[in-house]
Amino acid sequence: MTILGGIGFTAPWLLVALAALPILWLILRAVPPAPIRRRFPGVALLLGLTDADAVSDRTPWWLMLLRMLAVALVILGLSGPVMNPQTERARESGPLLVVLDGTWAGAAHWPQMIETLQGELNRAAADDRTVAVLQLTRPEAPAFQAANTWSTRLAGFQPEPWQPDSAQIDTAVELIAQSGASSALWMGDSLAYDGQDRVLAALETLGPVSVVQSGQNTLGMTPATYADGAVQLSALRAAAGPARAVTVLAQGRDPAGNPTTLATAQAEFADGATEAQTELALPAELRARITRFEIQGGRSAGALTLTDDSLRRREVALIAGRTDREGLELLSPLHYLQQALAPTADLLDGALDDVLPANPDVIVLADVATMTDDESAKLADWVEEGGLLLRFAGPHVAASDISRDAIDPLMPVRLRSGGRSVGGAMSWGEPKSLAPFRDSSPFFGLNIPDDVRVSAQVMAQPGPDLAEAVIADLSDGTPLVTRKRMGQGQVVLFHVTANAEWSTLPLSGLFVEMLERLAVSSATTAPEAADLQGTVWQPEQVMDGYGVLRDAGTLPGIEGPTLVDAPLGPQMLPGIYASEDRFLARNVLTADAVLTPATWPARIPVTGFRSAPPEALGGLLMGLALLLLALDVVASLALSGRLGPTRGAVAALALLMMMPQGADAQDDDIQRAIEATSEVVLAHVLTGNADVDEIAQAGLRGLSDTLYFRTSVEPALPMGVNLETDDLAFFPLLYWPITPDQPRPSAEAYARLNDYLRSGGLILFDTRDANVAGFGTASPNGRKLQDLAAPLDIPALEPVPSDHVLTRTFYLLQDFPGRYTSRDVWVEASPPGAEQVEGMPFRNLNDGVTPVVIGGNDWAGAWAVDASGNPMLPVGRGFGGERQRELAYRFGVNLVMHVLTGNYKSDQVHVPALLDRLGQ
Amino acid sequence: MTPDPITLRQSAEDQAARLPALLARAEQLAGAVLLGDHGRRRAGTGDDFWQYRPAQAGDSRRMIDHRRSARGDTQFVREREWQIAQSVMLWCDQGASMRFNSTDALPTKAERARVLTLALAILLVRGGERVGLTGTRLPPRRGRMQVVRLAQMLSEDSADDYSPPEHRAMIPHAQALFASDFMGDIADVQLALTKAADRGVRGVLMHVLDPSEEAFPFRGRTIFESVGGTLRHETLKANDLRDRYLERLAARKAELQRLCALTGWHYGVHHTDSSAQSALLWLYRAMDRSVMVRG
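Residues numbered from 1 in each chain as written. Chains lettered and ligands numbered in written order. Predicted model: local features only at pLDDT ≥ 70, side-chain atom pairs only at ≥ 80, totals over all residues.

Let's talk about the overall build of chain A
- Within chain A, the secondary structure is distributed over 24 helices and 39 strands.
- For chain A, buried positions account for 38% of its 920 residues.
- A separation of at least 24 residues holds for 76% of the contacts in chain A among residues at least 6 apart in sequence. (Helix = DSSP H or I, 4+ residues; strand = E, 2+ residues; numbered from the N terminus. Buried ≥ 20, exposed ≤ 12 C-beta atoms within 10 Å, placed from the backbone. Contact = placed C-beta atoms within 7 Å.)

Quick look at the structure:
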């Protein structure tokens, strides 16, 4: 194979043919294009004319270039070009020990690493060497086997989310010494760790060592912290290099619970810096949903950091029983709570009814004894769903009868009346101190300061189940804090006040720590080992080397201090750990982590991963040549005039056919929707009877014209509505003429009609038969109306009362004639309680718009006008008929006004004007 | 060779099917032209009233119009307009060269020429003239049947590439219409016109051309063939020929015009992409004029 400019050629001699291209150029130019035969009667006039010069039109240079290019591509393609050609190398022999770092730092390049290793194994197989593989993060005795056997097992190697610790290094060094390999290959992860040199020394005693590593800069993230109202994020890189920006993604769950990217931030590595800072200011709700931050494209456990309670600011609602003592700040039952919680939690103020809809994490009731039943029920529901109700005792609680005879649902224990006071001026004894916390208590492990004294408390009623409710007690054994689980939540009662009146507890640091342990507040800094003394943390989710979380399953719990201090390893996996209601994340990198690139002595050959495999380019070039030739066909045709406009159009059409077709139907729908909504549009239901539909259309057109001339309603042309397909929501009014033979709408259409009626639409049913609007059984139209309207959500009806708002929305009317005059027009019944006030002309009926108006007066027939505005159908006789038509129009105007303005005219403010007009 | 009866029938029916279409188009075209008065504008034998003139010596008493004369003392004679039927002879080129259109959107020259010819014939028949073809096949007659016969004759195609104008059996002092592309030998046209002029026949030369024949929009190496395939001309650069072709075409038109001027004929050029209506109007006026000139 010959290599020219990085591309190898399997048949380089074919390239000589490229030299023939200029000759081909000359020849091709000299040959004229084929003649075109044309029918032309004028040829008689042409006879005898000779060409001025004997040379025909030359082929244009660009066409020549196209052809030359195609020929050149064919030649190149045939000469067998290969990208990334392989070169030969010397044979080696003896057992080969392959050492893998196998840390999280290699996760991002793991497939390439495996691929490279596969190549090395293939070579070892070709050289007939035996191979053993040793992963430093999981050292196991290397077994020398044929290279092909290892090839099948490569998929079993996965990066681990830790770096080899000293114990693993010791094991590995020992195993290497025993292996007896003749040379070693170290697949490194480009990151330095303690003991790397010891492994190298051990390997060098065996024989030559070569190192293969990606050489790419490893990225990492330290745990996110919360400060100054924003999440502080910090990204690390192993080697300082030129300035570079990385994108940090905040991953979490959207309100529907699906994993998504909630926010992104850019972190800029300055030139020569290994650390990049950025911050992300997010609303508390969004911040609480974030589960982890990761560097975009990081793909390793180190390039992401899990979040825990330190980012989650709990919402705590503080409610006090006494609010009438203004100005006594230090005596306020909430003062110390506010001081303790303000740095770490979002505080809500307000009445219970107001804060409950906000669904806070914690509600603190300081000395609140009585609540309404409704409040209690709501609060109980909230606790059942996972809320933490934290109650403090106080004078009110002590004085009340709450939880006296039976346990109050919102109290953990029964209380004795009155409480007790110790160590005061009028009592015996000393103020009590706290007893050490029992190991079943969530406070277990906290240090109890000596100066905490309790001088008054409410007493729990002794009982068989009291002991298990107590989580903190006084030195004399009386309960100080009791707790009860309720559904997913819990109720905790401090038997003292939340201020310093009854005890000094709120003044001590223990108070804050107890709140922390109860997950009322959350620490904003990473906890120290001492803070977690005595707690056991259960792994919830653990992470593998790629940073993929999986369920922890039955992994054993870990002691608090260990969780903070112990290095990561097979026993201490990074992930999310939970204790009680608190969550703690253990990340791969700690806050003070530094990434150091691996350095190798100069004697060790270090190579990168193998680049892309050889790739034959012949097919690609041939394909290109074919494409060019196809272009040449088109160009030649166009040039010789054989690609006429029609044929060009056909070609263009063929091209268009390949493009995705636009959705015309959708466009029509959108167009219709725009037409229906850009103006007020009246609509009628298409009955399928062409005459009725035409009259309905013409009637609404006449009504629209009338509205346009007389009122400020300026409707556009009315539309026919197909109940099955069209959207009804655009139309304020639907006119529905009833014909005996119209089809019954489908269930979906009825659902849409009911939606329409409920959302304020009005349907004007018209049986067009003058007499049976009262749901008569006599006429076919009436029966059809009954049939059609049965599934509709129509309220109770009554004939239009004389004080209905329809009688005065625009015109003062008492009759609603169409082509027929019938009094029986039905609307929604007025509420039964409506009474007429003495001296008022109408009742106070401020309810909604009637959803239906049902009548049989054939209003559309009276309204109908033709294109030039003349009435289409006769109404009555002579002048009286015209008067009736006028009243029909007035009814239409009133109806549309009623639809558009609701019961505006029912407002009593219009009474004087109406009284005046009514002449009363 | 005897034609196969089935083929004969087939082609006959094809022809017959084309006939009503041609007739209909021609009728439609003719219907759009409102006939002006076609009288001789002088007193003579006829049906239409021309004028009253005072009776002169020599007028027979029967000629006196008593209705008019009774109004006064003078006696009047009622004169009628002189109306006489003219013979018009038509020749429409049936040669193969006429069956050409440069694009499918345009009618062939033959179609256009036939429609114009037949429409003119219909107009003339309506005006009471006798219409026929030059030559002996269809002498001038009047009446609706003559139109049908004309349509039939006009629908026939000739196999020749360029057919010379038919000039035999021309009735003296008649009128004539020659519609052709005049791409053939000019000598034939000259002969026909001189012969017509000898017999006192006046008329119109309708030069029907396709727009591509005027524009010559051809490029590159081309072999031009006549429609019948008898003539061919090959060129390497068609665009080079354009100027010289257009010169020759202009010369051909000039020659035709000169001949017309000599013989008292009218000469008009019609392109198939322009409206047939305006061509018909021009034709009708030209026919009228030639009558007037003579009259």
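A closer look at the overall build of chain B
- A count of helical and extended segments in chain B gives eight helices and nine strands.
- When contacts within chain B are restricted to residue pairs at least 6 apart in sequence, long-range pairs at least 24 apart make up 75% of them.

Examining the confidence of the model for chain B
Residues and elements named next belong to chain B.
- Averaged over all residues, the pLDDT of chain B equals 81, while 81% of them reach at least 70.
- Within chain B, strand 9 (residues 266–271) carries the highest mean pLDDT (92), whereas helix 1 (residues 5–31) carries the lowest (63).
- Across the interfaces of the predicted complex, the ipTM metric reaches 0.74, alongside a pTM of 0.44. (pLDDT = per-residue confidence, 0-100.)

With respect to the interface of chain B and chain A
- Contact with chain B, which involves 31 residues of that partner, is made by 23 residues of chain A.
- Those elements that provide at least two residues to the side of chain B that touches chain A are strand 7 (222–225), strand 8 (232–235) and helix 7 (238–263) of chain B.
- Element by element, the count of residues in the side of chain B that touches chain A is highest for helix 7 of chain B, at seven residues.
- By residue class, the composition of the side of chain B that touches chain A is 12 nonpolar, seven polar and 12 charged. (Nonpolar A, V, L, I, M, F, W, Y, C, P; charged D, E, K, R; others polar.)

Side note on the sheet that holds strand 14 (residues 275–280) of chain A
Residue and element names in this part refer to chain A.
- Taking strand neighbours across the sheet as the criterion, the three strands line up as 10-11-14 in an open arrangement whose pairing is antiparallel. Only two strands of the sheet have a single partner each, and these edge strands are strand 10 (219–227) and strand 14. Strand-to-strand twist across the sheet, computed as the mean angle between neighbouring axes with direction ignored, equals 20°.
- Inspection of the sheet shows strand 10 paired to strand 11 (residues 230–237) by seven bridges, in the antiparallel sense. Opposite T225, over in strand 11, you have Q232 as the bridge partner. (Pairing = 2+ DSSP bridges. Axes fitted to C-alpha atoms, helices over the stretch in contact; angles between N-to-C directions.)

Focus on the pairing of strand 19 (residues 362–366) of chain A
All names here are of chain A.
- Strand 19 sits mainly inside the fold: five of its five residues count as buried.
- Burial of the side chains of strand 19 extends over both faces: V362, V364 and A366 are buried on one face and I363 and L365 on the other.
- Where strand 17 (residues 314–320) and strand 19 come together, five bridges link them in parallel fashion. Paired with A317 across the bridge in strand 19 is I363.

Focus on helix 4 (residues 110–126) of chain A
Residue and element names in this part refer to chain A.
- Helix length check: helix 4 (17 residues) gives 24 Å between terminal C-alpha atoms against 24 Å at 1.5 Å per residue, within 8%.
- What helix 4 keeps buried is the set W110, M113, T116, L117, E120, L121 and A124. Viewed end-on, helix 4 has its buried residues packed into an arc of 145°, placing them on one side of the element. Turned more than 90 degrees from where helix 4 packs its buried face, P111 and A126 sit exposed. (Expected span 1.5 Å × (residues − 1). Arc of directions from axis to C-beta.)

Describing helix 11 (residues 373–384) of chain A
Residue and element names in this part refer to chain A.
- Between the first and last C-alpha of helix 11 there are 16 Å, a value that for 12 residues agrees with the 16 Å anticipated at 1.5 Å per step.
- In the core, the buried residues of helix 11 are packed alongside helix 10 (352–355), strand 20 (388–392), strand 24 (479–486) and strand 25 (489–494).
- Among the residues trailing helix 11, G386 stands out with phi positive, at a value near 115°.

Digging into the nonpolar core
- Ranked by internal contacts, the top residues of the largest apolar core, which has 69 residues, are L97, V98, V99, V131, M187 and A235 of chain A.
- Viewed by domain, this core spans two of them, domain 1 (96–217 + 597–607) and domain 2 (219–306) of chain A, each represented by three or more residues.
- Beyond its immediate sequence surroundings of up to four residues, A235 of chain A is in contact with L219, M221, V246, V248, A267, A276 and I295 of chain A.
- Judged by nonpolar contacts, the second largest core, of 68 residues, contains F40 of chain A together with L29, A279 and A286 of chain B. (Core = buried A, V, L, I, M, F, W, Y, C linked by C-beta atoms within 7 Å. Domains from an automatic or database assignment.)

Quick notes on the environment of E225 of chain B
- Looking at the secondary structure, you find E225 of chain B in strand 7.
- If we ignore the near neighbours within four places in the chain, the residues touching E225 of chain B are R37, R38, R39 and V43 of chain A together with R232 of chain B.

Concerning unusual backbone geometry
Residue and element names in this part refer to chain A.
- Phi at S190 is positive, roughly 70°, even though this residue is not glycine.
- Locating S190 in the fold gives a position in the loop between strand 8 (183–188) and helix 7 (196–206).
- We classify S190 as buried; it has 23 C-beta atoms within 10 Å.

Things to note about the sheet that holds strand 25 of chain A
Residue and element names in this part refer to chain A.
- Pairing is mixed in the open sheet, where seven strands are placed in the order 18-17-19-20-25-24-23. What marks the edges here is a single partner per strand, and that holds for strand 18 (345–348) and strand 23 (470–473). Averaged over neighbouring strand pairs, the angle between their axes works out to 20° when direction is ignored.
- As paired elements, strand 23 and strand 24 share three bridges and run antiparallel to each other. From the neighbouring strand, A472 faces strand 24, where its bridge partner is V481.
- This element, helix 11, spans strand 20, strand 24 and strand 25 of the sheet and lies at about 115° to strand 25.

Topic: the packing of helix 19 (residues 690–710) of chain A against helix 23 (residues 878–901) of chain A
Residue and element names in this part refer to chain A.
- Following both chains from N to C, one finds helix 19 and helix 23 inclined at 75°, their axes separated by 10 Å at the closest point. When the axis of helix 19 is compared with that of helix 23, the two are roughly perpendicular. Contacts from L703, T706, L707 and R710 in helix 19 reach Y889, G892, V893 and V896 in helix 23. (Parallel < 35°, antiparallel > 145°, perpendicular 65-115°, else oblique.)

Considerations on the packing of helix 6 (residues 166–179) of chain A against helix 7 of chain A
All names here are of chain A.
- Running from N to C, helix 6 and helix 7 cross one another at 5°; their axes reach a closest spacing of 9 Å. As the angle between them shows, helix 6 and helix 7 are arranged roughly parallel. Residues I169, A172, V173, I176 and A177 of helix 6 form the contact with helix 7, whose participating residues are R198, V199, A202, L203 and L206.
- Considering only residue class, the contact of helix 6 with helix 7 consists of nine nonpolar, no polar and one charged.

What about the environment of A30 of chain B?
All names here are of chain B.
- In this fold, A30 is placed in helix 1.
- Between the C-alpha atoms of A30 and L123, which are 93 residues apart in sequence, the distance is 5.9 Å.
- Ignoring sequence-local partners within four residues, the contact set of A30 consists of A119, I122 and L123.

Comments concerning the pairing of strand 30 (residues 582–586) of chain A
All names here are of chain A.
- Among the five residues in strand 30, four count as buried, and that is most of the element.
- In terms of strand pairing, strand 29 (residues 575–579) meets strand 30 through five bridges, oriented antiparallel. What sits directly across from G575, in strand 30, is R586.
- In this structure, the hairpin formed by strand 29 and strand 30 is closed by a connection of two residues, where E580 is found at a positive phi of approximately 55°.

Digging into the environment of T677 of chain A
All names here are of chain A.
- Along the chain, the position of T677 falls in helix 18 (residues 664–678).
- Residue T677 is classed as partly exposed on the basis of its C-beta count, with 14 C-beta atoms lying within 10 Å.
- Residues T677 and F730, spaced 53 residues apart in sequence, show a C-alpha to C-alpha distance of 5.9 Å.

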